[in-house]
Structure formats: C-alpha cells, structure tokens
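Overview (structure and organization)
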Amino acid sequence: MNDEIVAPLELADTWATRARGMLWRRTLPPALLIRPCNSVHGAGMTVALDVALLDARGTVLEILLLRPWRVTRPRRGAVAVLEAPQGSFDSWGLTTGDVLRVRDETSGSTT
C-alpha cells in the first residue's frame, strides 16, 4: 500500500459503536475499523462487505467477503476487523500480508 491513504474510516472501539457496525445506515462509510474484534456477522445487512482480519501490528491476516446473514469464524491472532463496501479492497489493492496504519487526522499521529 506504500504509505498511501486509501480511504477515510470510522472507528468502532466502544461497545455501542462495535454493536452498530455497518447496520442501519442509509449509506455505508468508506471503511469501518472495529477493535477489539476477531470476527463479524452480517445479520441484518442487505449488502455484502469486504472484511479484513488484522493482527496487533495491522497486518492483514485474511480477507473475506461477508454476505448478508453470514458469520466469519474467529481468527486466532486477529484483534481488529476492517469492513468496507464490497469491491473496496480490490480498488485499493489490499491483499493478505499488507500492513495497515490508521492516521488520526486531528492529531497527525499514526497507530
């Protein structure tokens, strides 16, 4: 990914924001990072999502297509999940083994 910014994202890091995820949205955000998390479900969803399971360093362990009403299996070593509308990962060139970094635009810090 060569340190390029590929999409703005929302962070779901509280119980409430993790529980909501991508549900009940008129339009989906470009990306949603859910942490801590090692699996997700598509219950209540009407569209498929690209899903990347990430380790503590941000390394993409696995990429999946989550269809509505399906569930991903918990992945050992995964601590976060990146969700995006179907096709986003292909357009970004995201692949297994890539390392993602989240940049906080308000502070300029990177995690």
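As the structure is a computational prediction, the values presented were derived from the model and not from experiment.

Re the overall build of the protein
A tally of regular secondary structure across the protein gives 2 helices and 5 strands. For the protein, the sequential pattern of α-helices and β-strands runs β-α-β-β-β-β-α. C-alpha extents for the protein along the principal axes are approximately 35 × 25 × 25 Å. Here the protein holds 111 residues, and 35% of them are scored as buried. Long-range contacts, defined as pairs at least 24 residues apart, comprise 58% of the intrachain contacts of the protein with a sequence gap of at least 6. Taken as a whole, the protein presents about 7000 Å² of accessible surface, with 51% of it coming from carbon and sulfur. Across the protein, the 13 positively charged side chains and the 12 negatively charged ones have centroids separated by 8 Å.

Notes on the side chain of Thr59
Position of Thr59 relative to the elements: it lies in the loop between β3 (49–54) and β4 (60–66). Discounting residues that sit within four places of it in the chain, Thr59 has contacts with Leu53, Leu54, Gly97, Asp98 and Val99.

Concerning the environment of Arg67
Counting through the fold element by element, Arg67 comes out in the loop between β4 and β5 (80–85). Here Arg67 falls in the partly exposed class, since its relative accessible area comes to 47%. Along the sequence, Arg67 and Leu49 sit 18 residues apart, while their C-alpha atoms lie 6.6 Å from each other. The contact partners of Arg67, leaving out residues within four places of it in the chain, are Gly42 and Ala48.

Concerning the nonpolar core
Counting 14 residues, the largest nonpolar core has Ile34, Val40, Val51 and Val81 as its most contacted members. Counting residues per element, this core draws most heavily on β3, which supplies 3 residues. In this structure, Val40 is in contact with Ile34, Val51, Leu66, Val71, Thr72, Val81 and Glu83, ignoring residues within four places of it in sequence. Of all hydrophobic cores here, the second largest spans 13 residues; its members include Phe89, Trp92, Leu94 and Leu100.

Thresholds, definitions, all that
Residues numbered from 1 in each chain as written. Predicted model: local features only at pLDDT ≥ 70, side-chain atom pairs only at ≥ 80, totals over all residues. Heavy atoms only, no water. Helix = DSSP H or I, 4+ residues; strand = E, 2+ residues; numbered from the N terminus. Buried < 20%, exposed > 50% of the residue type's maximum accessible area, 1.4 Å probe, protein only. Contact = heavy atoms within 4.5 Å. Areas by Shrake-Rupley, 256 points an atom, 1.4 Å probe, with all protein chains shown as cover. Lys, Arg positive; Asp, Glu negative; His and termini not counted. Charge placed at Lys NZ, Arg CZ, Asp CG, Glu CD. Core = buried A, V, L, I, M, F, W, Y, C linked by side-chain atoms within 4.5 Å.

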